[in-house]
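Understanding the architecture of this molecule
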Amino acid sequence: MQAAVAAMCEQNPDFYAKYPMSLTTEADNDDIRLVTEQWQLPDDYLYFLQHYVPDKVSWNTDQYISLNLYGARELPQGQWGYNYNPVTQEDILDWPSSYLVIASDEGDPYCIDLSRGDTVIYTAEHGTGRWDFDIAYDDLASFLQSALLTSGMDEWELDEDVQQVNYCQLMLTGEGQDKLKTIMFIKKTFSCDYAQARAYLEQLPLLVYKGVEQRAAGIEAHLKSIGADYKRS
């Protein structure tokens, strides 16, 4: 990521002089102290905050529209709008209290569950009226690796010891053989009511999954079983 940022800044120095992108390698001790006083962080995540700290970077890849990875300094403010309302200065009650937002992509949060003590990454779609979290990555390392897979990855070489992870997305393209079953699939996928699911069906194509290829298999099998029309890419 550091190599990619450096190359982008070199290609367009005038632009990035006004809108800087940078990656620091050591967090400020005061910032680390503040976050460790506020949260009991998993060791792996704390190490990331201490030694691999993103700063002023909004990251675009084939997987992410505008991924913001929070460093220690930005972590408290990264919770705003999820578990805390900075306007009313009140906690947001429908947010799981143990979930810490460590990154976001166009409003979709990526979180760790502090009650577990590990770095399993959870995500949910924002703007649906409720938070319906699902596991996005098994650990922090897998999540960070996904951020390294930039557009045109052939220009940047990953460490040869890092295992390649494949990603895909599933688009619902038609109601298929059984409209009712397709509506019920949408209802479950988006945790919405029947009327909203029907409205989603009228807005095809509809993104129903984006993430690691292994987790797509079950969803794809279900789409086939109900005869829905879909496209995998």
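Residues numbered from 1 in each chain as written. Predicted model: local features only at pLDDT ≥ 70, side-chain atom pairs only at ≥ 80, totals over all residues. Heavy atoms only, no water.

Things to note about the overall build of the protein chain
This is how the line gets drawn: A helix here means a DSSP run of H or I that spans at least four residues, while a strand means a run of E at least two residues long, and both kinds are numbered starting from the N terminus. Only protein chains enter the accessibility calculation, which uses a 1.4 Å probe. A residue is then buried if its area is under 20% of the maximum for its type, exposed if over 50%, and partly exposed in between. Note on contacts: a residue pair is in contact if any heavy atoms of the two residues lie within 4.5 Å.
If you tally the helices and strands in the protein chain, you get 9 helices and 13 strands. Scored against the burial criterion, the 233 residues of the protein chain give a buried share of 39%. For the protein chain, the proportion of contacts with a sequence separation of at least 24, taken over those separated by at least 6, is 53%.

Brief notes about helix α6 (residues 140-148)
The cut-off we apply is this: Distance and chemistry together define a polar contact, namely a pair of N or O atoms within 3.5 Å, with one atom able to donate a hydrogen and the other to accept it when in protein, and with adjacent residues in sequence counting only for side-chain atoms on both sides.
Taken residue by residue, α6 has L140, F143, Q145, S146 and A147 as its buried positions. Where α6 begins, the capping side chain belongs to D139, and its oxygen is found 3.4 Å from the backbone nitrogen of A141.

Section: a nonpolar patch on the surface
Defined as follows: Patch building starts from residues that exceed 30% relative accessible area and form no salt bridge, then joins like charges within 9 Å and nonpolar side chains (Val, Leu, Ile, Met, Phe, Trp, Tyr) within 5 Å. The Shrake-Rupley method, run with a 1.4 Å probe sphere, supplies the accessible areas, and residue values consider only the shown protein chains as cover. Any carboxyl oxygen of Asp or Glu within 4 Å of a side-chain nitrogen of Lys or Arg constitutes a salt bridge here.
Taken together, the side chains of L180, M184 and Y194 make up a nonpolar region of the molecular surface, amounting to roughly 280 Å² of accessible area. The topology assignment puts L180 in helix α7 (residues 179-190).

A look at the nonpolar core
For clarity, the cut-off: Each nonpolar core is a collection of buried residues, namely Ala, Val, Leu, Ile, Met, Phe, Trp, Tyr and Cys, held together in the definition by side-chain atoms within 4.5 Å.
Membership of the largest hydrophobic core comes to 41 residues, with the highest contact counts inside it found for Y45, I102 and F143. Counting residues per element, this core draws most heavily on strand β7 (residues 99-105), at 5 residues. Here Y45 is in contact with Y70, L75, L100, I102, I112, T119 and L140, once residues within four sequence places are set aside. Within the second largest apolar cluster, 18 residues are counted, among which are C168, I186, L201 and I226.

Some remarks on the confidence of the model for the protein chain
Which entries qualify depends on this criterion: On a scale of 0 to 100, pLDDT captures the predictor's confidence in every residue.
Summary statistics for the protein chain give a mean pLDDT of 83 and a share of 85% for residues scoring 70 or more. No element of the protein chain has a lower mean pLDDT than strand β1 (residues 22-24), at 68, and none a higher one than strand β8 (residues 108-113), at 97. Overall, residues 151-163 carries pLDDT values under 50, and its contacts beyond four positions in sequence, including any with other chains, amount to 14 contacts.

A closer look at the pattern of salt bridges
Side chains that differ in sign of charge can pair as their charged atoms come close. A complete count under the given rule lists 5 salt bridges for this structure. Among the ionic pairs, D30 bridges to R33, the shortest N-O distance being 3.9 Å. Of the two residues, D30 and R33 are both situated in helix α3 (residues 29-38); the distance of 3 residues between them amounts to about one turn of the helix. Taking the shortest distance from any N to any O, the salt bridge between E37 and R33 comes out at 3.5 Å. Remark: R33 and E37 occur in helix α3; sequence separation between them is 4 residues, near one turn of the helix. The partly exposed category is assigned to R33, whose relative accessible area is 40%.

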